[in-house]
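Residue strings, one per chain:
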Amino acid sequence: LSALRERGNTLGLAPTGAGKSLVIAATSAEILEATGKPVLVLQHRDELVAQNRRTFHALNGTAIPSGMFDAETKQLNRPVTFAMVQSIVKRAEDLPEVGAVVTDEAHHGVAPSYVKLYEAARAKNPGVLLFGVTATPARADKKSLRSVYDNVADQITLRELVLSGALVPPRAFHVDIGVRDDLAAVKKVAGEYDMQAVASIMDKEGITARIIAEWAAVAAARQTVWFGATVAHCEHVAEALRANGYSAAVVHADLPDDQRQRILRAYDRGEIQHVVNVAVLTEGWDCQPVSCVVLLRPSSHISTMIQMVGRGLRRLDPERYPGRHKSDCIVIDFGTSLRTYG
């Protein structure tokens with residue numbers, strides 16, 4: 001808040017599990033009171049819209065009305081509006097005067113849709129404050145965030161949170177299944193590894209059987225999230241898990257939202273032990289029971305690896321999950337990420 005007053009913009013860096021939704025909830029209410037103007041909160045996924053709004057009212061009660069702006073709901077004139085970027089950018093010219101734009105996963109903030117919204121907000125209020133939170137300020141395309149955020153107010157590190165007991169410690173294993181050299185030879189396309197090429201190496205029946213055996217040796221009883229290379233790869237991993245007697249489901253970007261939510265709710269309740277996904281659970285997914293993370297693909301950037309590992313580091317709330325226990329998170333890398341980034 002001090003940085004916003006002094007600079008007009010600031011970035012807050014905090015890893016998965018630090019409580020970015022709480023930071024957004026607290027600062028939005030403070031900014032609303034200080035400026036007397038509405039606050040617009042931007043996020044790029046439906047799950048984040050709902051999560052941030054829930055947290056806002058859990059912290060601030062119902063005294064401050066909030067609205068939503070997404071594909072179905074169009075509520076703009078509320079003290080605080082939680083908006084999907086992809087929806088509200090189509091109505092950028094209709095934005096009311098706001099005191100601040102708060103951006104979740106703010107490493108997306110230099111994308112054209114975000115910039116258009118910042119410019120529209122600044123046209124209505126030249127003194128609009130820009131506040132962003134992210135775990136990973138380094139973008140895959142190497143583009144600087146400085147054009148939007150020229151200041152970092154604070155950085156909370158993963159190490160700080162683990163040492164303080166706020167997160168559980170990771171126990172990391174790198175398992176060589178004989179494909180290390182093949183994976184190291186995979187080329188990058190537009191800064192990202194070619195996942196079809198990765199799948200051609202990893203998506204083989206014998207490889208998958210070996211992977212499941214290695215996982216079972218150290219984490220057989222744990223709720224696990226798997227990060228695969230392609231949808232087909234994930235489907236084959238889930239089929240192999242089910243063939244070995246484990247419950248498993250696949251989520252990916254093309255899965256209908258209601259179906260994805262049903263799977264994730266069942267996983268949260270412990271009715272499904274494994275969720276296998278393609279890139280959709282790296283950001284904005286808060287599931288405390290995850291106690292094992294399996295990497296079946298290389299990470300193009302250290303930020304991607306940290307996001308994936310972070311899915312398993314949240315502590316269990318004993319009131320929310322009575323009778324369930326978690327003291328650490330096992331991370332098993334069958335790719336090259338741990339060797340590359342440490």
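Whatever comes next refers back to the structure up there.
Anyway, here's the lowdown on the structure attached to this text. Each chain carries its own residue numbering, running from 1 in the direction its sequence is written. Where totals are concerned, whole chains, interfaces and linings use all residues; where local detail is concerned, this predicted model gives features only for residues with pLDDT of at least 70, and gives and counts side-chain atom pairs only at 80 or more. To get the side-chain values, all heavy atoms of the structure are used, and hydrogens and water are removed first.

### Things to note about the overall build of the protein
Stated precisely, the cut-off is as follows: Each helix corresponds to a stretch of at least 4 residues labelled H or I by DSSP, and each strand to a stretch of at least 2 residues labelled E; elements are numbered beginning at the N terminus. Only protein chains enter the accessibility calculation, which uses a 1.4 Å probe. A residue is then buried if its area is under 20% of the maximum for its type, exposed if over 50%, and partly exposed in between. Whether two residues are in contact is decided by their heavy atoms, any of which lying within 4.5 Å being enough.
From N to C terminus, the protein includes 13 helices and 15 strands. Principal-axis analysis of the C-alpha atoms gives the protein an extent of 60 × 45 × 40 Å. The 342 residues of the protein split such that 54% are buried. In the protein, once contacts between residues fewer than 6 apart in sequence are set aside, the share between residues at least 24 apart is 75%.

### Side note on unusual backbone geometry
A positive phi angle is found at Glu105, which is not glycine, with a value near 50°. With relative accessibility at 5%, the residue Glu105 sits in the buried group. Positive phi, normally seen in glycine, also occurs at Ala279, with a value near 65°. By the secondary structure assignment, Ala279 is in the loop between strand E13 (274-277) and strand E14 (292-295). Taking relative accessible area as the criterion, Ala279 reaches 40% and is therefore assigned partly exposed.

### Things to note about the side chain of Thr304
Relative to the assigned elements, Thr304 resides in helix H12 (residues 302-310). For Thr304, a relative accessible area of 16% puts it in the buried group.

### Side note on the state of the cysteines
Condition: Disulfides are defined as cysteine sulfur pairs within 2.5 Å.
In the structure shown here, the tally under the stated rule is zero disulfides. As a non-bridged cysteine, Cys234 has Cys292 as the owner of its nearest cysteine sulfur, 15 Å distant. Between Cys287, a cysteine without a disulfide, and Cys329, which holds the nearest cysteine sulfur, the sulfur-to-sulfur distance is 11 Å.

### A look at the pairing of strand E3 (residues 66-69)
What counts here: Two strands make a pair as long as DSSP finds a minimum of two bridges between them.
Of the two faces of E3, both are covered, the one formed by Ser66 and Met68 as well as the one formed by Gly67 and Phe69. One ladder, built from four bridges, connects E3 with strand E4 (residues 80-84); its direction is parallel. In the sheet register, Gly67 faces E4, and the bridge partner there is Thr81.

### What about the sheet that holds strand E7 (residues 152-155)?
As a reminder, the rule being used: For helices, the fitted line uses only the C-alpha atoms of the stretch in contact; every axis is such a line through C-alpha atoms, and the angle between N-to-C directions lies from 0 to 180 degrees.
With parallel pairing, the seven strands of this open sheet are ordered in space as E3-E4-E2-E5-E6-E1-E7. Edge positions in the open sheet fall to E3 and E7, since each of these has one partner strand only. Within the sheet, the average angular offset between the axes of one strand and its neighbour, ignoring direction, is 15°. Note that strand E5 (residues 100-104) and strand E6 (residues 129-134) share five bridges and pair parallel. Residue pairing in the sheet places Val101 in a bridge with Leu130 of E6.

### Concerning the packing of aromatic side chains
Stated formally: Side-chain rings of Phe, Tyr and Trp, where Trp is taken by its six-membered ring, are said to pair if the distance between their centres is within 6.5 Å; with planes under 30 degrees apart they count as stacked, over 60 as edge-to-face, and otherwise as tilted. Definition used: whenever NZ (Lys) or CZ (Arg) falls within 6 Å of the ring centre and also within 35 degrees of the ring normal, the charge is taken to sit over that ring.
The final tally for this structure, using the stated rule, is four aromatic pairs. For the pair Trp215 and Trp226, a centre-to-centre distance of 6.1 Å together with 50° between the ring planes defines the contact as tilted. One end of the pair, Trp215, is in helix H9 (residues 205-219); the other, Trp226, is in strand E11 (residues 224-227), and eleven residues separate them in sequence. Across this residue pair, the class does not change: Trp215 and Trp226 are buried. Both rings, one in Tyr267 and one in Trp285, keep their centres 5.9 Å apart while their planes meet at 45°; by these two values the pair is tilted. Here Tyr267 is found in helix H11 (residues 257-268), whereas its partner Trp285 is found in the loop between E13 and E14, with 18 residues between them in sequence. Looking at Tyr267, the relative accessible area reads 0%, which means it is buried. Through successive ring pairs, a cluster of aromatic residues spans Trp215, Trp226 and Tyr246. Looking at Lys188, its charged tip hangs above the ring of Tyr193, at a distance of 5.1 Å from the centre.

### Describing the environment of Thr136
With respect to the element layout, Thr136 can be found in the loop between E6 and E7. On the basis of relative accessible area, Thr136 is assigned to the buried category, the value being 4%. Discounting chain neighbours no more than four positions away, the residues touching Thr136 are His107, Ser303 and Gln307.

### Thoughts on H9
Operational definition: In this scheme, a helix's expected span is set at 1.5 Å multiplied by one less than its residue total. Working note: the arc is built from the helix axis to C-beta atom directions.
The terminal C-alpha atoms of H9, which comprises 15 residues, lie 21 Å apart, in line with the 21 Å expected from a rise of 1.5 Å per residue. Among all positions in H9, only Ile207, Thr208, Ile211, Ile212, Trp215 and Ala219 are buried. On an axial view of H9, the arc spanned by its buried residues comes to 130°, and they lie on one face. Facing away from the buried side of H9 by more than 90 degrees, the exposed set consists of Glu205, Gly206 and Ala217. Where the residues of H9 are buried, they touch helix H8 (195-202), E11, helix H10 (231-243), E13, E14 and strand E15 (329-333).

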